[in-house]
Amino acid sequence: MELKLLRSNTYAGEKFRDKRNGHGIYQYENKYFRYEGQWRKGVKHGQGKLQMADGSYYEGTFVDGEIDGKGIRYFSQNGSKYSGQFVRGEFHGRGTMTYADGSTYEGEWYRNRKHGYGIMKTVGSTEVYEGGYESNMKHGMGVMMYSKKIRLDGCRDGDRYEGMWMNDMREGKGILYGSDGSVYEGNFKGDSFNGKGLMHHISGLVYDGLWINGLPEVMASKLKIVFDNNSELDKKKKPTKDSSKKSIYQGIGFSVGVECHNESGRVIPDQGREIRLLVGFRYYPPVSDESKEDALFDMIEDDVEEKPIETPFGYSVVPYPITDQIHLTADDIPDDDDQDDQSKSPNDPNQENTAESGDESSEEKQESEMKEMEKEENIEEKEEEDKGNENEESADIEKENTVPQFPPLTTLRTKDGLCKWDDLHLTPAPPKYRPFERMAEEEKLKSQSKNRSRSKELSTPSSSHRPSISEIKDQGNRRRPSIKNASSHSSMFDKFRMKKQKALEEKFAKLGEYVLIVEDVTTPPFMNRQLQPDFLLMKLKQPPKEFKRENKKEHPGWDTSSHIKASSRVKEDELLARKHLSADD
């Protein structure tokens, strides 16, 4: 076979029978294309490279003038490069496309489109898809590892999906493994949870039901308190007008249930939602006194303390300890008489002592004695205050040792949208509980102000009527001993009452108003939503006498008389037995 070298303006290379044959270079007339490679019978055939003027090219196999077989196609416009099989100039068969950003697709192609099984890797991230394609879109069974947030519940990247796809979206049955540990197994539609599905959330919450556009068909939006103070006496009473305030009693446990409700008040059967119960006492802001040091100390302590919780009752509260680890018997429950009724205080004008006669006879003497009494009272107050300041540290240490500490209340998980705590008790106040200290400070200031105004009223005569000397004589004789006796009796009563009150407060919580709070503390929040908390106003009281009597009937105490009778019967039986023995002898 004779080969000749053909040279012209457009072709330079080998020739056979006046046709390009063998290796040659051909420059197309439009100057855009240039081919260099193998020829056969005047057409490109075998290995060759088709170069474009813009820098794009194809290098690979040609068959009968067409790009066919294995080759490399580079696109200068976007920097992409395909390496794989071609049919009639199109990507067809297996091939790898490397995109300009470094991302790659390796798999099957059909007429320039990703079609069949393939692996798509995104550069600079962990996002990988492995599965079926149809017309460049994910289709059929596939596994996707995500590198960005795709869920509505705020999960991070790293989610992994295994399941069906249609038109580049999750469609049909599949499993989504969240990077945080959450798992959804069920139906998908339009790339979202749709249809029947089961979600095991990382927080512990489980939802098994119908999903619509990525959200459960029914979702709880708020919590509802179901309260029971376990008092049969309260149940027998007629309901009061203010049903929002519930009564609880010292030494008697109470129960609190919680329900998950939607906006229409229907119970939603949430499984595993974490609920916290806490009690708060009214928050007292720092007292703005003349002493700047005290005010600064209060501000520092407020920063250390827990932040106040807003309530719907017009004031904030700070947490107060509550537990379900106190176990009391009927004898531990305080009587009504354990705490004196303040209404029977000798300060009551209806119970003032009768005036006694005296020997004072002048207005000047009365005024001087009143001043002396006031001076003595001030001295006593100052001495008591100094003594209290000296012993404050030791008293605090002693209180820390005497006040029992109980474990805090644990959170509960809902079952079918419900949870319940039983036998709850408010514990004695912890040492240096700030709200109680500030209450005492305010009461002390009010008491001092009241005493000063009362002393001023007694020592200042009325301007409208100037009494005569004989009237002053009679008033002084009647009034001063009464004031003196009432004052001493009142102070003794107050001290005795305060002593009893302190003893009770070391064993029980202080009587007063408390706020019960239930919160959704599911972490992280399910579907990025937390339920609205609920609040209940409670009034801590002493248990009624009827309750004590009923418990004593149910649990009778020691009966001394019956014990003596039983002992005497035993002795009589012994004496009779001895007589019989002696008679037999």
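Quick note: structure is the one above.
Residues numbered from 1 in each chain as written. Predicted model: local features only at pLDDT ≥ 70, side-chain atom pairs only at ≥ 80, totals over all residues. Heavy atoms only, no water.

This part is about the overall build of the protein chain. For the protein chain, the helix and strand inventory stands at eight helices and 30 strands. Buried positions account for 33% of the 585 residues belonging to the protein chain. Sequence-distant contacts in the protein chain: of pairs separated by 6 or more residues, those separated by 24 or more amount to 47%. Approximately 36,500 Å² of the protein chain is accessible, and the part contributed by carbon and sulfur atoms is 49%. (Helix = DSSP H or I, 4+ residues; strand = E, 2+ residues; numbered from the N terminus. Buried < 20%, exposed > 50% of the residue type's maximum accessible area, 1.4 Å probe, protein only. Contact = heavy atoms within 4.5 Å. Areas by Shrake-Rupley, 256 points an atom, 1.4 Å probe, with all protein chains shown as cover.)

Counting through the fold element by element, His 261 comes out in strand 22 (residues 254-261). Within polar-contact distance, the side chain of His 261 engages the side chain of Glu 259 at 2.8 Å. A polar atom in the side chain of His 261 sits 3.4 Å from the backbone oxygen of Gly 265. (Polar contact = N/O pair within 3.5 Å; in protein donor to acceptor, adjacent residues only side chain to side chain.)

With that settled, consider the side chain of His 45. You can see His 45 is positioned in strand 5 (residues 43-52). At 3.0 Å, the side chain of His 45 forms a polar contact with the backbone nitrogen of Asp 64. With near-sequence residues (within four places) excluded, His 45 lies in contact with Tyr 35, Gln 38, Trp 39, Arg 40, Phe 62, Val 63 and Asp 64.

Summed over all chains, the structure comprises 35 aromatic pairs. Measuring from centroid to centroid gives 5.5 Å for Phe 91 and Trp 109, while their planes differ by 75 degrees, and the two rings are edge-to-face. Placement of Phe 91 in strand 9 (residues 90-98) and of Trp 109 in strand 10 (residues 104-110) is noted, with a sequence separation of 18 residues between them. On the numbers, 4.0 Å between centres and 20 degrees between planes, the contact of Tyr 184 with Phe 193 is stacked. Judged by relative accessible area, Tyr 184 falls into the buried class, the value being 1%. Residue class for Phe 193 comes out buried when judged on its relative accessible area of 7%. Seen from the ring of Tyr 11, Arg 20 lies directly overhead, with NZ or CZ sitting 5.4 Å from the centre. Just above the ring of Tyr 105 sits the side chain of Lys 114; from NZ or CZ to the centre is 5.5 Å. (Phe/Tyr/Trp six-rings, centres within 6.5 Å; stacked < 30°, edge-to-face > 60°. Lys NZ or Arg CZ within 6 Å of the ring centre and 35° of its normal.)

Our next topic: the sheet that holds strand 22. Sheet strands pair via backbone hydrogen bonds, and the direction of the pair is either parallel or antiparallel. Ordered by their spatial adjacency, four strands build an open sheet running 20-22-28-26, and the pairing between neighbours is antiparallel. In this open sheet, the two strands that pair with only one neighbour each are strand 20 (222-228) and strand 26 (322-323). Pairing between strand 20 and strand 22: seven bridges, direction antiparallel. Opposite Phe 227, over in strand 22, you have Val 256 as the bridge partner. (Pairing = 2+ DSSP bridges.)

Turning to the pairing of strand 29 (residues 512-520), a few remarks are in order. Among the nine residues in strand 29, eight count as buried, and that is most of the element. Judged from the seven bridges that link them, strand 23 (residues 274-282) and strand 29 form a sheet pairing that is antiparallel. Paired with Val 279 across the strands is Leu 516, a residue of strand 29. Here strand 29 runs beside strand 30 (residues 534-541); their pairing, made up of seven bridges, is antiparallel.

Attention now moves to the nonpolar core. Ranked by size, the top nonpolar core spans 35 residues in total, and within it Phe 227, Leu 277, Tyr 320, Leu 426, Tyr 514 and Leu 516 carry the most contacts. Looking at this core, the elements that each hand over two or more residues are strand 20, strand 22, strand 23, strand 25 (316-320), strand 28 (418-426), helix 5 (434-459), strand 29 and strand 30. Not counting the four nearest positions on each side in its chain, Tyr 320 is found in contact with Val 279, Gly 280, Phe 281, Leu 426, Thr 427, Pro 428, Ala 429, Tyr 433, Phe 436, Ala 509, Lys 510 and Tyr 514. By size, the runner-up hydrophobic cluster in this structure holds 33 residues, among which are Tyr 11, Leu 50, Phe 86 and Met 97. (Core = buried A, V, L, I, M, F, W, Y, C linked by side-chain atoms within 4.5 Å.)

Function cannot be inferred from these measures alone, as they are strictly geometric.
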